[in-house]
Amino acid sequence: QVQLVESGGGLVQAGGSLRLSCAASGRTFSSYAMGWFRQAPGKEREFVAAISESGARTGYAESVQGRFTISRDNAKNTVYLQMNSLKPEDTAVYYCAAIMATGWSTKNRIPSWYDYWGQGTQVTVSS
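Per-chain numbering applies: the sequence of each chain, read as written, is numbered from 1 onward. Reporting in this predicted model follows two pLDDT cut-offs: at least 70 for local features of residues, and 80 or more for side-chain atom pairs to be given and counted; totals over whole chains, interfaces and linings ignore these cut-offs and use all residues. The side-chain values count all of the structure's non-hydrogen atoms but skip hydrogen atoms and water molecules.

Observations regarding the overall build of the chain
Alright, step 1. In terms of helices and strands, the chain carries zero helices and eleven strands.
Alright, step 2. For the chain, the sequential pattern of α-helices and β-strands runs β-β-β-β-β-β-β-β-β-β-β.
Alright, step 3. Relative to the globule expectation of 14 Å for 127 residues, the C-alpha radius of gyration of the chain, 13 Å, shows essentially globular dimensions.
Alright, step 4. Seen along its three principal axes, the alpha-carbon backbone of the chain occupies a region of about 40 × 25 × 25 Å. Secondary structure counts use DSSP, requiring at least four H or I residues in a row for a helix and at least two E residues in a row for a strand, with both numbered from the N terminus. The atom set for the radius of gyration is the C-alpha atoms, and the globule formula is 2.2 Å times the number of residues raised to the power 0.38.

Below, the structure is given as structure tokens:
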């Protein structure tokens, strides 16, 4: 079992930055690949970024490539999402998710691939 708690969301002006954190419980965090997803009102949950259990591999949605950076600190059981050059269309509830590592593939971009989810943190970008 893994429990995930996101933090760091808030209100920011367009062009600004935020860093989201996701703290995980348990002693096997380094065995889990992690992902960030987001969901805007009336829209489906969409992939944002993912990172392998060691941090050696990362993947990004095209819409955030070059603006967002995913990272992790396995000693702190935490995964981060640094978001720069924010746009109003980035407004959403952001969720982190975990899956026991089974290899890196395009499945890491699919919400249903993940077993554990946090409660989400709201990010609002004003124009």
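Focus on the state of the cysteines
Alright, step 1. Put simply, a disulfide is two cysteine sulfurs that come within 2.5 Å. Going through the model one piece at a time under the given rule, you end up with one disulfide.
Alright, step 2. Each sulfur in the disulfide pair cysteine 22 and cysteine 96 lies 1.9 Å from the other. Sign of the S-S torsion, about 50° for the bond between cysteine 22 and cysteine 96, identifies this disulfide as right-handed. Of this pair, cysteine 22 sits in strand S3 (residues 18–24) while cysteine 96 sits in strand S9 (residues 92–100), placing them 74 residues apart in sequence.

With respect to the pairing of S3
Alright, step 1. The element S3 is extensively covered by neighbouring structure, given that five of its seven residues are classed as buried.
Alright, step 2. DSSP bridges decide pairing: two strands pair if at least two such bridges lie between them. Bridge count for S3 against strand S8 (residues 78–83) is six bridges, and the pairing is antiparallel. Counterpart to leucine 20 in the pairing with S8 is leucine 81. Only protein chains enter the calculation, and the probe is 1.4 Å; a residue is then buried if its accessible area is under 20% of its type maximum, exposed if over 50%, and partly exposed in between.

Focus on the pattern of salt bridges
Side chains bearing opposite charge may pair, as long as their charged atoms lie close to each other.
Alright, step 1. Every case where a carboxyl oxygen of Asp or Glu lies within 4 Å of a side-chain nitrogen of Lys or Arg is listed as a salt bridge. Counting across every chain of the model gives three salt bridges.
Alright, step 2. Arginine 38 is paired through a salt bridge with aspartate 90; the nearest N and O atoms lie 2.9 Å apart. Here arginine 38 is found in strand S4 (residues 32–39), whereas its partner aspartate 90 is found in the loop between S8 and S9, with 52 residues between them in sequence. Taken individually, arginine 38 and aspartate 90 each receive the classification buried, so the pair is uniform in this respect.

Looking at the side chain of aspartate 90
Alright, step 1. Aspartate 90 sits in the buried class, given a relative accessible area of 1%.
Alright, step 2. Side-chain polar atoms of aspartate 90 contact the backbone nitrogen of lysine 87, separated by 2.8 Å. N or O atoms within 3.5 Å of each other form a polar contact, as long as, within protein, one can give a hydrogen and the other can take it, and as long as residues adjacent in sequence are counted only when both atoms are side-chain atoms.

So, the sheet that holds strand S1 (residues 4–7)
The strands making up a sheet are joined through hydrogen bonds of the backbone, oriented either antiparallel or parallel.
Alright, step 1. Pairing is antiparallel in the open sheet, where four strands are placed in the order S1-S3-S8-S7. Across the chains shown, the open sheet's two edge strands, defined by having one partner strand only, are S1 and strand S7 (68–73). Sheet twist, expressed as the average angle between the axes of neighbouring strands with direction ignored, equals 15°.
Alright, step 2. Across six bridges, S7 lies against S8 in antiparallel orientation. Interaxial angles span 0 to 180 degrees and are taken between N-to-C directions of axes, which are lines fitted to C-alpha atoms, for helices over the stretch in contact.

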